[in-house]
Amino acid sequence: MFIQTEATPNPATLKFIPGRNVLPTGTMEFGSRDAAARSPLAERLFAVDGVTGVFYGADFITVTKSAGEWQHLKPAILGAIMEHYMSGAPLLADGSAANDESADEDDEFYDEADSETVGMIKDLIETRVRPAVANDGGDITFRGFKEGIVYLNMKGACSGCPSSTATLQHGIQNLLKHFVPEVVEVRPM
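Residues numbered from 1 in each chain as written. Predicted model: local features only at pLDDT ≥ 70, side-chain atom pairs only at ≥ 80, totals over all residues. Heavy atoms only, no water.

Trainee: Before we go on, may I ask you to explain the environment of Met189 in this structure?
Mentor: In this structure, Met189 sits in the segment after β9 (185–188). Residue Met189 is classed as exposed on the basis of its relative accessible area of 56%. Sequence spacing of Met189 and Met154 is 35 residues, and the spatial spacing of their C-alpha atoms is 7.7 Å. Filtering out sequence-adjacent residues up to four positions away, Met189 remains in contact with Phe109, Arg143, Tyr151, Leu152 and Asn153. (Helix = DSSP H or I, 4+ residues; strand = E, 2+ residues; numbered from the N terminus. Buried < 20%, exposed > 50% of the residue type's maximum accessible area, 1.4 Å probe, protein only. Contact = heavy atoms within 4.5 Å.)

Trainee: Before we go on, may I ask you to explain a nonpolar patch on the surface in this structure?
Mentor: Together, Met1, Met82 and Met86 line one region of the surface with nonpolar side chains, adding up to about 270 Å² of accessible area. Inspection of the secondary structure assignment puts Met86 in helix α3 (residues 70–87). (Patch = residues over 30% accessible without salt bridge, like charges linked within 9 Å, V, L, I, M, F, W, Y side chains within 5 Å. Areas by Shrake-Rupley, 256 points an atom, 1.4 Å probe, with all protein chains shown as cover. Salt bridge = Lys/Arg side-chain N within 4 Å of Asp/Glu carboxyl O.)

Trainee: I tried to follow the packing of aromatic side chains on my own but got confused; where do I start?
Mentor: The geometry of an aromatic ring pair is captured by the separation of the ring centres together with the interplanar angle, meaning the angle of the planes. Tallying each qualifying case throughout the model produces four aromatic pairs. Relative to Phe142, the ring of Tyr110 lies with its centre 6.2 Å away and its plane at 65°, an arrangement referred to as edge-to-face. With Tyr110 in strand β6 (residues 109–110) and Phe142 in strand β7 (residues 138–146), this pair connects stretches of sequence that are 32 residues apart. The exposure class of Tyr110 is partly exposed, given its relative accessible area of 32%. On the basis of relative accessible area, Phe142 is assigned to the buried category, the value being 6%. (Phe/Tyr/Trp six-rings, centres within 6.5 Å; stacked < 30°, edge-to-face > 60°.)

Trainee: Would you mind showing me how to read the nonpolar core here?
Mentor: For soluble globular proteins, nonpolar side chains are generally found buried alongside one another. Ranked by size, the top nonpolar core spans 26 residues in total, and within it Leu45, Val54, Tyr56, Ile61, Ile77 and Ile81 carry the most contacts. Looking at this core, the elements that each hand over two or more residues are β2 (13–17), β3 (28–30), α2 (40–46), β4 (51–56), β5 (61–65) and α3. With six residues, the top contributor of residues to this core is α3. When near neighbours in sequence (up to four residues on either side) are disregarded, Tyr56 contacts Val22, Leu23, Gly26, Thr27, Met28, Phe30, Ser39, Leu41, Ala42, Ile61 and Leu91. In this structure, Ile121, Ile125, Met154 and Val186 belong to the second largest nonpolar core, which totals 20 residues. (Core = buried A, V, L, I, M, F, W, Y, C linked by side-chain atoms within 4.5 Å.)

Trainee: Any chance you could explain the sheet that holds β5 here in plain terms?
Mentor: Two modes of strand pairing occur in sheets, parallel and antiparallel, and in both the strands are linked by backbone hydrogen bonds. Read from one edge to the other, the open sheet built from five strands follows the order β1-β2-β5-β4-β3, with strand pairing classed as antiparallel. The open sheet has two free edges, formed respectively by β1 (4–7) and β3, since each of these has just one partner strand. For this sheet the average axis-to-axis angle between neighbouring strands, irrespective of direction, equals 20°. Alignment of β3 against β4, held across three bridges, turns out to be antiparallel. Bridge pairing links Met28 to Tyr56 in β4. (Pairing = 2+ DSSP bridges. Axes fitted to C-alpha atoms, helices over the stretch in contact; angles between N-to-C directions.)

Trainee: Sorry if this is basic, but what is going on with the sheet that holds β7 here?
Mentor: What the four strands build is an open sheet, ordered β6-β7-β8-β9; its pairing is mixed. Bordering the open sheet on either side are β6 and β9, each of which pairs with just one other strand. With two bridges joining them, β6 and β7 adopt parallel strand pairing. Among the inter-strand pairings, Phe109 is bridged to a residue of β7, identified as Gly144. Relative to the sheet, helix α5 (residues 115–135) contacts β6, β7 and β8 (149–156), its axis offset from that of β7 by approximately 165°.

Dropping the structure here:
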């Protein structure tokens, strides 16, 4: 098994590409050891000293560290990923292929009168923003729309990334304002 690694715009996060599907649909984020209990792979990764976050995409895993140098952490992380795939264990402890999208949608907020605008915003995020953000080892999801302000949730490599503010303000905000005149600002949540 050959696992590729890629740097991300976030120096505290590294992208691991195992050469196979990771999560069939959507994304999943684990921000703590407790949250990782639902995934044997995430548990293995959190067992590596210094790991503080794990994120699954379609064909990649991003790992966030709090301390230590990547040259010291990378071998243990690669070993944990390889052990998981060689063991044949399921990605999730319950054997499901779930993701975070239904929970994300349950927490959305916007006025029903804005549903057409929200539909356009979500479509732009899905087709133009998420693919680019996934290339950087992360994800971005719609959280809400109120008084012209779009609220987005940054995940994976994008969460806590030094360039995420610039991405939101200059990239995503400009895109949404161009196509959806009702948008006046984009903010992280």
